Amino acid sequence: MSLVLDDLSVGYGRRTVLQNVDLVVEPGTVLALLGENGAGKSSLIKAIAGVVRPRTGSIAYAGTDLSRLDRRLRARVVSYVPQRGPDVYGLNVREAVLLGRNPYFGISPTRADHDAVDGALRRLGLGDLAERQVMDLSGGQAQRVLIARALAQQSDVLLLDEPTSALDLRYQVDVLRLIRDLTHEHRKVSLIAIHDLNLAARFCDAFVFVHQGRVSHRGGIETAYTAEAISEVYGLDVAVDISPDGYSVRPLLHPGERSLQHRTPS
Amino acid sequence: MASSDAAAVAGGRLSGPNWRRLRIPLVLTIAGLASLGIMAAGTLVGTSGVSLAGIGRAILIGVSGAEIPADFAKEYRIVWNLRFPRVLLGFLGGASLSLAGVLMQGLLRNPLVSPFTLGVSPAAAFGAALVIIMTQASGAGTGGLEVAAALVSALGCAALVLGFGSFRRLSPTTLILLGIALTQLFEALTSGLQYFASEDALSAIVRWTFGSVNDAQWYQVQVLFALLVLSLPYLLLKAKDINAIAFTGDDVATSLGVNVPRVRIVIIAISVVLTAVVVSFSGVIGFVGLVGPHIARLIIGGNHRYLIPLATLTGGCLLVTADMVGRIVLAPVVVPVGIVIALIGVPIFINLVLSRRGAT
């Protein structure tokens, strides 16, 4: 039940944003997509989600080419959480999460759909907010609603485009822990586009650096998290510290540039 | 995170008490009964006295085709030939505009758009103005040629917007901008016609743009009724797809299995046909297509499964009420419903917007 990308290229108009991506993601793996802004991470996620049609190559899950699946069947295999959704005026949290059941029901949601929504609300700690209007939620709570919607979709492949960008530290950790646990428990395949290299190091199993539309480095943390690789991708000198807590990446300041922690508050 | 929900999930689903589940059917039932009440009131109101019993009798005779008793002939003519078409055209027209408004707002993800956003209304006005000048006809909706010209022009405008918009995958912003451009174009063309028009023709064009159901005809009621009966079941079937587009955006809706361009073009086409037909029958009745959906949304929420039927009823009630007021305030003079609806609707709308939760 692996996700296999074969020679995938994606573009918009005359611009090619992603070229010749080959990737195999095994079940039970959380894969971090890393790279600078505009590197092509979101385009890769959109191509797998079926939002953007690839120029070349194929995307297969469990041996099935996803482009051959009916839209609704594909939506049962792959779910997608964008960086930010549109303003949701007039829906409560339960109704917003129920949108994730769209590929399953016809006119009315069934008991199974409501149960899936309840499960997703519980996993995201949204039970108490189920009847609240989404418009009245904080940014972090609204982000959790988006993730709950993807969970309610009960797909094997979970795609998240910067899922923690609007969250405070506690919920960043909670959300990434939840995604990791779900992925491991249910043998899902999760791809997370993420900017925080340190959080990615703690919660992801595999790492792919996308640089100028190509995969530049990949592998487990030992092979992917090298100062050379990260410096090349981000154009910034970094140090990678390895401690019993794991890997952490630290940008190196220019000579004479003082670290903020040494400044005295005025 | 799960522990905090233990109390909430105890005993079943996370949804609220039973009365909350009953709320939506209750609201829709009340709205349906209110619609019947408002239509009955609309039939009773007028300079000639008509009784409720008279309305019932007229319906029986009209539907069964029975012979009209001589002592009832006058009342029957007033009810069946004047009041019913007027009230029903008002209700169905308001319902259609509000329905079109709710669809446009959802599919273009913009609460400020109305059925007229794509330029349908000024295009219809241009078509009608052209025929009025060519034939020197007068009065809104009386001439079949005027109706046909308004309809063809409105549909042509919508086809242009959707045709050009398809080059950009029917993105909401593109459609709105194209609509603004064509609105300006048709307004300029109509102004050009007015500049060269005779006084009589100019007066007829201005009267047409007021929007009115004064000259309602049974065939107009039948056409609108047929359109609504045909489109509503389809729209309710597609409500979950409209929800996905409105509340998740095009990309996520696609990932949820929705064929976004197809749903958008078909449903916008339905809303422009409804709008074009109403405008061609009754002139430009603004505001109901904006305020009707908002009132419904504030009552029942944004889920299109319930919003579509409620907005349809709300729009119908608004227009019949406005028409009643227009017949009463300056009786025997009848103030066109297009003017009254704005005078009534604006304060209601401002109050609703300012009092809604989260308003800043």
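Please read all numbers here as calculations on a predicted model, not as lab measurements. (Residues numbered from 1 in each chain as written. Chains lettered and ligands numbered in written order. Predicted model: local features only at pLDDT ≥ 70, side-chain atom pairs only at ≥ 80, totals over all residues. Heavy atoms only, no water.)

What is the right way to read the overall build of chain A from this model?
When its secondary structure is counted, chain A shows nine helices and twelve strands. Here the C-alpha radius of gyration of chain A, 19 Å, is about what a compact globule of 266 residues would show, namely 18 Å. By principal-axis analysis of the C-alpha atoms, chain A measures approximately 65 × 50 × 35 Å. Residues counted as buried form 54% of the 266 residues belonging to chain A. A total of about 12,100 Å² of accessible surface is found on chain A, and carbon and sulfur atoms cover 48% of it. (Helix = DSSP H or I, 4+ residues; strand = E, 2+ residues; numbered from the N terminus. Rg over C-alpha atoms; globule rule 2.2 N^0.38 Å. Buried < 20%, exposed > 50% of the residue type's maximum accessible area, 1.4 Å probe, protein only. Areas by Shrake-Rupley, 256 points an atom, 1.4 Å probe, with all protein chains shown as cover.)

Explain the confidence of the model for chain B to me, please; I cannot follow it from the model alone.
In low-pLDDT regions, the fine details of the predicted coordinates are not to be read closely. Residues and elements named next belong to chain B. Across chain B, the average pLDDT comes to 83, with 90% of residues at 70 or higher. Here residues 1–15 is a poorly scored stretch, pLDDT under 50, and it has 32 contacts once near neighbours within four places are set aside; other chains count. Counting contacts from residues 137–141, a segment whose pLDDT is below 50, to residues more than four positions away or on other chains yields 19 contacts. Two summary scores accompany this predicted model of the complex, namely pTM at 0.86 and ipTM at 0.89. (pLDDT = per-residue confidence, 0-100. Contact = heavy atoms within 4.5 Å.)

Hey, could you run me through the sheet that holds strand β10 (residues 214–219) of chain A in this one?
Two orientations exist for strands paired in a sheet by backbone hydrogen bonds: parallel and antiparallel. All names here are of chain A. Within the open sheet, the six strands sit side by side as β6-β7-β8-β3-β9-β10. Their pairing is mixed. The two strands at the open ends of the sheet, each matched to only one other strand, are β6 (78–81) and β10. Looking at each pair of strands side by side, their axes are set apart by 15° on average, direction ignored. Relative to β10, strand β9 (residues 206–211) is paired through five bridges, and the arrangement is antiparallel. When the sheet's bridge partners are listed, F209 is paired in β10 with H217. Taken strand by strand, helix α1 (residues 41–49) contacts β3 (29–34), β6, β7 (157–161), β8 (189–193) and β9, and its axis lies near 150° from that of β7. Across the sheet, helix α9 (residues 227–234) lies against β3, β9 and β10, angled at about 35° from β9, the strand it touches most. (Pairing = 2+ DSSP bridges. Axes fitted to C-alpha atoms, helices over the stretch in contact; angles between N-to-C directions.)

Can you walk me through the interface of chain B and chain A in this structure?
How big an interface is tends to be reported as the loss of accessible area on association of its parts. Between chain B and chain A, the contact holds 39 residues from the first and 45 residues from the second. Here chain B and chain A share an interface that buries about 3,600 Å² over both sides, 56% of which is from carbon and sulfur atoms. At the junction of chain B with chain A, the criterion picks out one salt bridge. D251 of chain B is the salt-bridge partner of K46 of chain A, the closest N and O atoms lying 3.2 Å from each other. Seen at the junction of chain B and chain A, the total is six residue pairs in polar contact (both at pLDDT 80 or more). Mapped by element, the contributors of at least two residues to the side of chain B that touches chain A are α1 (6–9), α10 (239–255) and α12 (288–300) of chain B. Class assignment of the residues belonging to the side of chain B that touches chain A gives a composition of 13 nonpolar, 14 polar and twelve charged. (Buried area = accessible area lost by both parts, 1.4 Å probe. Salt bridge = Lys/Arg side-chain N within 4 Å of Asp/Glu carboxyl O. Polar contact = N/O pair within 3.5 Å; in protein donor to acceptor, adjacent residues only side chain to side chain. Nonpolar A, V, L, I, M, F, W, Y, C, P; charged D, E, K, R; others polar.)

When you look at the packing of aromatic side chains in this model, what are you seeing that I'm missing?
Here the distance between the centres and the angle between the planes together describe a pair of aromatic rings. Applying the stated criterion across every chain yields a total of nine aromatic pairs over all chains. Aromatic pair Y76 of chain B and W80 of chain B: ring centres 6.1 Å apart, planes at 10°, arrangement stacked. Here W80 of chain B and Y76 of chain B lie together in helix α4 (residues 73–107), a separation of four residues that amounts to about one turn. W80 of chain B sits in the buried class, given a relative accessible area of 17%. Both rings, one in Y195 of chain B and one in F196 of chain B, keep their centres 5.2 Å apart while their planes meet at 90°; by these two values the pair is edge-to-face. Among the residues examined, Y195 of chain B registers a relative accessible area of 69% and is labelled exposed. One aromatic cluster in this structure is built from F207, F209, Y225 and Y247 of chain A. Sitting above the plane of the Y104 of chain A ring, R101 of chain A keeps its charged end 3.9 Å from the centroid. Over the ring of Y171 of chain A we find R170 of chain A; its NZ or CZ atom is 4.6 Å from the centre of that ring. (Phe/Tyr/Trp six-rings, centres within 6.5 Å; stacked < 30°, edge-to-face > 60°. Lys NZ or Arg CZ within 6 Å of the ring centre and 35° of its normal.)

Is there a simple way to explain unusual backbone geometry in this structure?
Leaving glycine aside, a negative phi is the common case for residues, and trans is the common case for peptide bonds. Residues and elements named next belong to chain A. Backbone geometry places D7, a non-glycine residue, at a positive phi of 55°. By secondary structure assignment, the location of D7 is in strand β1 (residues 3–12). What makes D7 partly exposed here is its relative accessible area of 33%. A positive phi angle, near 50°, is found at Q212, a position not held by glycine. Assignment of secondary structure puts Q212 in the loop between β9 and β10. Overall, the relative accessible area of 61% leaves Q212 in the exposed class.

Looking at this structure, I do not really get the packing of helix α6 (residues 144–165) of chain B against helix α7 (residues 172–196) of chain B. What am I missing?
For any two helices packed against each other, the geometry is given by the interaxial angle and the distance between the axes. Residue and element names in this part refer to chain B. Two numbers describe how α6 lies on α7: the axes approach to 9 Å, and their chain directions differ by 140°. With respect to α7, the axis of α6 lies oblique. For the crossing formed where α6 meets α7, the hand is right-handed. Contacts between α6 and α7 involve S153, C157, L160, V161, L162, F164 and G165 from the first element and T174, L175, L178, G179, L182 and F186 from the second. (Parallel < 35°, antiparallel > 145°, perpendicular 65-115°, else oblique. Left-handed = near helix turned anticlockwise from the far one by under 90°.)

Where do I start with helix α11 (residues 260–282) of chain B in this structure?
Along an α-helix, a turn takes 3.6 residues, which lines up residues three or four apart on a common side. Residue and element names in this part refer to chain B. End to end, α11 covers 33 Å across 23 residues, agreeing with the expected 33 Å (1.5 Å per residue, within 8%). Along α11, 17 of the 23 residues are buried, which leaves the element largely enclosed by surrounding structure. With its phi angle positive at about 75°, G283 sits one or two positions after the end of α11. (Expected span 1.5 Å × (residues − 1).)

Is there a simple way to explain the packing of α4 of chain B against helix α13 (residues 304–328) of chain B in this structure?
Residue and element names in this part refer to chain B. Following both chains from N to C, one finds α4 and α13 inclined at 140°, their axes separated by 7 Å at the closest point. By the criterion of interaxial angle, the relationship of α4 to α13 is oblique. Helix-helix and strand crossings are classified by hand; for α4 and α13 the assignment is right-handed. Residue composition of the contact of α4 with α13, grouped by class: 13 nonpolar, nine polar and four charged.

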